[in-house]
Amino acid sequence: MKPLLKLTRFPYEEPYHIELRVEASNGSQSASIDYYTSADDLPVLGEALMEFPFSDSKEHIYEIGTEDPAAQFAYHLYFRFFLIRPTGDSGIEIRFHNNGETAPDREVAEFTIPCDVSGINRLGKLLKEFGKLRHRVLEWDGADGHLTEPEQTSPNATP
């Protein structure tokens, strides 16, 4: 199975806030989380990834919420885009936490998607375009991706 990063947008309080479901997989592990964010987040993240890794830190972190119980966030979403080797080998470290206190309510996922710099740069371009709120789905396979509308389900379809 190929790596996957899929964002599905559910119109919310647009154009100011957006509701997203992010599904991620490194080929052997997968997870998803729904979250809300400012509509400005995606173009800003896209710009940063288009320029990756040309910063002093050679990484970029995108984070919403915290796992600190005192902060009372509904969830924690963490992406770290980082350079593994100067040859272009890179990774996207992913951590999702729904901030449930104990089992069975707690859901935590953590893994890394291996990729290369050009794949992260392409993801940046997709995020920048996706941030214009003209598409409902972004899919990226670790190297390339596309923007689409969600699949339409016929009202007569059987589950």
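Predicted model only: the values in this text are computed from it and were never measured. (Residues numbered from 1 in each chain as written. Predicted model: local features only at pLDDT ≥ 70, side-chain atom pairs only at ≥ 80, totals over all residues. Heavy atoms only, no water.)

**Overview of the sheet that holds strand β9 (residues 145-148)**
Our working definition: At least two bridges found by DSSP between two strands are what make those strands a pair. Runs of E in the DSSP output that reach at least two residues are strands. Runs of H or I that reach at least four are helices, and both are numbered from the N terminus. All axes here are fitted lines through C-alpha atoms, helices being fitted over the stretch that makes contact, and every angle between N-to-C directions spans 0 to 180 degrees. The criterion used for residue contact is that any of the two residues' heavy atoms lie within 4.5 Å.
Taking strand neighbours across the sheet as the criterion, the five strands line up as β3-β2-β1-β8-β9 in an open arrangement whose pairing is antiparallel. On the outer flanks of this sheet lie β3 (30-38) and β9, each paired with one strand and no other. In this sheet, adjacent strand axes meet at a mean angle of 15° when their direction is disregarded. Sheet topology note: the strand β1 (residues 4-10)/strand β8 (residues 137-140) ladder contains four bridges and is antiparallel. Bridge pairing links L7 to L138 in β8. Its contacts with the sheet put helix α2 (residues 117-130) on β1, β2 (17-25), β8 and β9, and the angle it makes with β8 is roughly 175°.

**Considerations on empty space enclosed by the protein**
Quick note on the threshold: The distinction between a cavity and a pocket rests on a 1 Å grid over the protein atoms alone: a 1.4 Å probe fits inside a cavity but cannot get out, while a pocket stays open yet meets protein on both sides within 12 Å along at least five of seven lines, and a residue with an atom within 4 Å of a point counts as lining. Grid points are joined across faces, edges and corners, and a volume is the space filled by probe spheres set on the points. Lys, Arg, Asp and Glu make up the charged group, whereas Ala, Val, Leu, Ile, Met, Phe, Trp, Tyr, Cys and Pro make up the nonpolar group; the residues left over, Gly among them, are polar.
Summed over the entire model, instances satisfying the criterion amount to one cavity of 30 Å³ or more. There is about 100 Å³ of room inside the largest cavity. In terms of lining residues, the largest cavity is bounded by L5, L7, V22, Y35, L42, L45, Y62, F79, F81, L123 and L127. Among the elements of the structure, β1, α1 (41-51), β5 (76-83) and α2 are those that each provide at least two residues to the lining of the largest cavity. Of the residues belonging to the lining of the largest cavity, the class tally is 11 nonpolar, no polar and no charged.

**As for the pairing of β3**
Pairing analysis gives nine bridges linking β2 to β3, with the strands arranged antiparallel. If you follow E23 over to β3, its bridge partner there is S32. Adjacent in sequence and paired antiparallel, β2 and β3 are bridged by four residues, among which G27 carries a positive phi angle near 105°.

**Regarding the sheet that holds strand β6 (residues 89-97)**
The four strands lie next to each other as β4-β5-β6-β7, forming an open sheet whose pairing is antiparallel. Two strands lie at the open edges of the sheet, namely β4 (59-65) and β7 (108-116), each paired on one side alone. On average, adjacent strands in this sheet sit at an angle of 10° to one another, irrespective of strand direction. Across eight bridges, the pairing between β5 and β6 is antiparallel. Within β6, the residue paired with R80 across the bridge is E93.

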